[in-house]
Amino acid sequence: MTKEEYKKKCLEFEEAKMYDGRGEYNGYICQKCGYTVATLYKDKGVTPFIIKCPKCGEESIHRITSRTAPPEHPKTSKVKNWVRPTFEQFVKLSPATQEHVLNGGLVWEEELCQI
Ligand SMILES: [Zn+2]
């Protein structure tokens, strides 16, 4: 995929009739240990319903949707941003993650900083 094709694809997501959660906070609560991962949509796109708990590895389920940032709490993560990668970041992602992005999926900004 070329940069031009990728840009075109991103534009399609911007214009698509899909849920636009920009500015919205989501909380994922772990089934096992109760740890909450706080996230914020910075781009328009698709996010998973279930993620892996960073503390215990069990399933963490999307249960909270809010327009206000979560209060600081020892059992709540700092806010992680959902973003659409740039083309330069996209080409470095794993094939599975690239497929997710091409289906309108968003990824965590902090993970993009590590590639
Ligand atoms: Zn957990």
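See above for the structure.
This write-up is about the structure you can find in this document. (Residues numbered from 1 in each chain as written. Predicted model: local features only at pLDDT ≥ 70, side-chain atom pairs only at ≥ 80, totals over all residues. Heavy atoms only, no water.)

1. Some points on the sheet that holds strand E3 (residues 50-52)
Read across the open sheet, the six strands follow the order E3-E4-E1-E2-E5-E6; overall the sheet is mixed. Bordering the open sheet on either side are E3 and strand E6 (107-108), each of which pairs with just one other strand. Relative to strand E5 (residues 80-83), strand E2 (residues 36-41) runs parallel, the two sharing three bridges. Among the inter-strand pairings, leucine 40 is bridged to a residue of E5, identified as asparagine 81. (Pairing = 2+ DSSP bridges. Helix = DSSP H or I, 4+ residues; strand = E, 2+ residues; numbered from the N terminus.)

2. Topic: the coordination of the zinc ion
At 2.3 Å from the zinc ion lie its protein donor atoms, namely Cys30 (SG), Cys33 (SG), Cys53 (SG) and Cys56 (SG). Around the zinc ion sit four donor atoms, and with donor-metal-donor angles ranging over 101 to 117° the site reads as tetrahedral. (Donors = N, O, S within 2.8 Å, 3.2 Å for Na, K, Ca; no water. Tetrahedral: all angles 85-135°; square planar, octahedral: opposite > 155°, others 65-115°.)

3. Examining the nonpolar core
Counting 10 residues, the largest nonpolar core consists of Tyr28, Cys30, Tyr35, Val37, Tyr41, Ile51, Cys53, Trp82, Leu106 and Trp108. Listing elements by their share of this core, those giving two or more residues are strand E1 (25-30) and E2. With residues up to four places along the chain from it excluded, the contact list for cysteine 30 reads Tyr35, Cys53, Cys56, Glu58, Glu59 and Ser60. Judged by nonpolar contacts, the second largest core, of nine residues, contains Tyr6, Val83, Val101 and Leu112. (Core = buried A, V, L, I, M, F, W, Y, C linked by side-chain atoms within 4.5 Å. Buried < 20%, exposed > 50% of the residue type's maximum accessible area, 1.4 Å probe, protein only. Contact = heavy atoms within 4.5 Å.)

4. Brief notes about the side chain of lysine 80
Inspection of the secondary structure puts lysine 80 in strand E5. You can call lysine 80 buried: its relative accessible area is 13%.

5. Here's the deal with the environment of histidine 73
With respect to the helices and strands, histidine 73 occurs in the loop between strand E4 (59-66) and E5. Separated by 17 residues in sequence, histidine 73 and phenylalanine 90 place their C-alpha atoms 33 Å apart. Within the local environment of histidine 73, its side chain forms a polar contact with the backbone nitrogen of lysine 75, the two atoms lying 2.9 Å apart. (Polar contact = N/O pair within 3.5 Å; in protein donor to acceptor, adjacent residues only side chain to side chain.)

6. Describing helix H1 (residues 3-15)
When the terminal C-alpha atoms of H1 are compared, their 19 Å separation across 13 residues agrees well with the 18 Å that a helix rising 1.5 Å per residue should span. Buried within H1 are the following residues: Tyr6, Cys10 and Phe13. End-on view of H1: buried residues confined to an arc of 55°, all on one side of the axis. In H1, the exposed residues that point more than 90 degrees away from the buried face are Glu4, Lys8, Leu11 and Glu15. Of the surrounding secondary structure, the elements contacted by the buried residues of H1 are helix H2 (87-90) and helix H3 (95-102). (Expected span 1.5 Å × (residues − 1). Arc of directions from axis to C-beta.)

7. Structural notes on the pairing of E1
Counting buried positions along E1 yields five of six residues, so the element is predominantly enclosed. Here E1 folds back onto E2, and the loop between the two strands holds five residues, one of which, glycine 34, carries a positive phi near 85°. Two elements, E1 and E4, share six bridges in a ladder whose sense is antiparallel. Among the inter-strand pairings, tyrosine 28 is bridged to a residue of E4, identified as histidine 62.

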